[in-house]
Amino acid sequence: MDRHPLVKKVLVDKVEIDSKIDSLANEVNSYYKNKKVKDNTVVIIGLLKGCIPFMASLIKKFDFQCVIDFMIVSSYGGTLTNIHEPKILHNINTDIKDADVLIVEDIIDTGITLNFMKDYLEKKGAKEVKVITLASKPNKLKTNIKPDWNGFEFGDEFLIGYGLDYQERFRNLPYIAICDTDKLNDWEW
Ligand code: PRP
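Computed from a prediction, not measured in an experiment: that's the story for all the values here. (Residues numbered from 1 in each chain as written. Predicted model: local features only at pLDDT ≥ 70, side-chain atom pairs only at ≥ 80, totals over all residues. Heavy atoms only, no water.)

(A) Fine view of the pattern of salt bridges. All chains considered together, the criterion is met by 13 salt bridges. In this structure, the salt-bridge partner of D100 is K127, at a minimum N-O distance of 3.3 Å. Of the two residues, D100 sits in strand 5 (residues 100-108) while K127 sits in the loop between helix 3 (112-123) and strand 6 (128-136), which places them 27 residues apart along the sequence. By relative accessible area, D100 is classed as buried at 0%. The exposure class of K127 is exposed, given its relative accessible area of 51%. Taken together, the shared-partner salt bridges in this structure form one network comprising K35, D100, K127 and E128. (Salt bridge = Lys/Arg side-chain N within 4 Å of Asp/Glu carboxyl O. Helix = DSSP H or I, 4+ residues; strand = E, 2+ residues; numbered from the N terminus. Buried < 20%, exposed > 50% of the residue type's maximum accessible area, 1.4 Å probe, protein only.)

Given below as structure tokens:
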């Protein structure tokens, strides 16, 4: 398929992402290898929908016992600038009391979503909450949250691909790219 006209520039391609996921998975495997966790099981919680491609690739490389669950947390009121207090739209069914939890995210922007999530899961009784994210935008951070494992760091660009969307499109792209925002004003799908 030809590259979509809204893809302005590919920042990291599939090969780079695959290799990054390999090294992240190695680090996470080492961390949990000799760790005593409840029921010998790490609880992995993905934040929908952006986590899907990253989480699907990542967990296949984990060599420790785990369960997966998902949450939907909305921080944006439909626009990119209208940030409000995060709201849980879908919650986990897994009991996380005393559990070691690993949150999987596609990107940390302001950090507001993750800050809220971490706090929420700790209050729900998790023993430890770790965070892994494919990407982050350190310049846009508005909280103290720091991922325990981070794949790539980017600037302020509007990114699409590998879970990142514009109007729900482009999550399936096997790379991360800058979206051509000059074309968005009168864009029709
Ligand atoms: C995006 C992204 C993170 C969050 C990061 O999710 O997946 O969850 O925003 O932003 P923050 O650091 O400023 O809180 P979004 O709410 O767009 O949902 P999505 O995963 O369905 O794309």
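(B) Here's a closer look at helix 3. Relative to the 16 Å expected for 12 residues at 1.5 Å per residue, helix 3 spans 17 Å between its end C-alpha atoms, a close match to the ideal helical length. Of the positions making up helix 3, those classed as buried are T113, L114, F116, M117 and L121. With its buried residues spanning 160° around the axis, helix 3 presents them on a single face. In the segment just after helix 3, G125 is the residue with positive phi, at about 110°. (Expected span 1.5 Å × (residues − 1). Arc of directions from axis to C-beta.)

(C) Structural detail: the state of the cysteines. Tallied over the entire structure, the rule returns 0 disulfides. Sulfur of C51: no disulfide; nearest cysteine sulfur belongs to C66 and is 14 Å away. (Disulfide = S-S within 2.5 Å.)

(D) Main features of the packing of aromatic side chains. Applying the stated criterion to the full structure yields 10 aromatic pairs. Taking the centre distance of 5.0 Å and the plane angle of 50° together, the rings of Y32 and F64 count as tilted. Of the two residues, Y32 sits in helix 1 (residues 14-33) while F64 sits in the loop between helix 2 (52-59) and strand 3 (66-76), which places them 32 residues apart along the sequence. Each member of the pair, Y32 as well as F64, carries the same accessibility label: buried. (Phe/Tyr/Trp six-rings, centres within 6.5 Å; stacked < 30°, edge-to-face > 60°.)

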